[in-house]
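Breakdown of the fold
Each chain, letter by letter, is given below.
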Amino acid sequence: MNSFSILKVFAVSLLVTVLVGPVAQRLLPGWEAMAADVGSGGAWFASIMYHIVYGIIIGAGAALAGYLASRSRKPLSLSSSAIAAAITVLLFDIGFLLLAPAVGHFAYLALLLMLLSLLLQWIVARIRPAGSESTAS
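Residues numbered from 1 in each chain as written. Predicted model: local features only at pLDDT ≥ 70, side-chain atom pairs only at ≥ 80, totals over all residues. Heavy atoms only, no water.

Counting secondary structure elements, the protein contains four helices and zero strands. Secondary structure of the protein in N-to-C order comes out as α-α-α-α. Per-residue burial over the protein gives 35% buried out of 137 residues. Sequence separation of at least 24 residues holds for 84% of the intrachain contacts in the protein that already meet a minimum separation of 6. Surface accessibility of the protein: about 7,500 Å² in total, with carbon and sulfur atoms responsible for 74%. (Helix = DSSP H or I, 4+ residues; strand = E, 2+ residues; numbered from the N terminus. Buried < 20%, exposed > 50% of the residue type's maximum accessible area, 1.4 Å probe, protein only. Contact = heavy atoms within 4.5 Å. Areas by Shrake-Rupley, 256 points an atom, 1.4 Å probe, with all protein chains shown as cover.)

Right, dumping it as structure tokens:
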């Protein structure tokens, strides 16, 4: 897997996180409180902005998973990377809602998010059928 393929895995993970994350957050409880504070447009803007940050972290985990997968001669496919990123951001948004009072430092949260992304990328890549398209092109 060359560096361009790993960059594509990163970009797909970032894009999926930014598309899925704010919509999922909109459906979770707590959106009304945020919209009451900053308005509906402000709530969407804030959600998109911090999902961009989460997407960068998830993408970093996905890129690391892509690199490790290439070392084992089993490259990640873009579709499995997208599925894993969507699952990661959904689990993270739900977990953050449940654990928000216990989260002390963003650094620990970011490390947890990257490890979750790495683990889910690896799991989904192993579940996907062997005939799926790969990123090596």
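Another aspect to go through is the nonpolar core. Soluble globular proteins tend to pack their nonpolar side chains together in the buried interior. Core analysis: the largest hydrophobic core is formed by eleven residues, namely Val16, Tyr54, Ile57, Ile58, Ala85, Ala86, Val89, Phe92, Leu109, Ala110 and Leu113. Breaking this core down by element, the ones donating at least two residues are helix 2 (31-71), helix 3 (78-99) and helix 4 (106-127). Here this core gets four residues from one element, more than from any other, and that element is helix 3. In terms of nonpolar packing, the next biggest core, distinct from the first, is built from seven residues, Val9, Ala65, Leu76 and Leu118 among them. (Core = buried A, V, L, I, M, F, W, Y, C linked by side-chain atoms within 4.5 Å.)

At a minimum axis distance of 8 Å, the contact between helix 1 (residues 3-27) and helix 3 shows a crossing angle of 40°. For helix 1 against helix 3, the interelement crossing comes out right-handed. Residue-level inspection shows Lys8, Val9, Val12, Ser13, Val16, Thr17, Val20, Gly21, Ala24 and Gln25 of helix 1 in contact with helix 3, the latter providing Leu78, Ser81, Ala82, Ala85, Ala86, Val89, Leu90 and Asp93. Broken down by class, the residue content of the contact of helix 1 with helix 3 amounts to eleven nonpolar, five polar and two charged. (Axes fitted to C-alpha atoms, helices over the stretch in contact; angles between N-to-C directions. Left-handed = near helix turned anticlockwise from the far one by under 90°. Nonpolar A, V, L, I, M, F, W, Y, C, P; charged D, E, K, R; others polar.)

Bringing a nonpolar patch on the surface into the picture now. Together, Val23, Leu27, Trp44, Phe45, Ile48, Met49, Ile52 and Ile56 give the surface a local cluster of nonpolar side chains, amounting to about 730 Å² of exposed area. For the nonpolar patch, the element with the most residues is helix 2, which contributes six residues. (Patch = residues over 30% accessible without salt bridge, like charges linked within 9 Å, V, L, I, M, F, W, Y side chains within 5 Å. Salt bridge = Lys/Arg side-chain N within 4 Å of Asp/Glu carboxyl O.)

Okay, the confidence of the model for the protein next. Considering every residue of the protein, the mean pLDDT works out to 84; 87% of them sit at 70 or more. Taking the mean pLDDT of every element in the protein, the minimum, 82, falls on helix 4 and the maximum, 93, on helix 1. (pLDDT = per-residue confidence, 0-100.)

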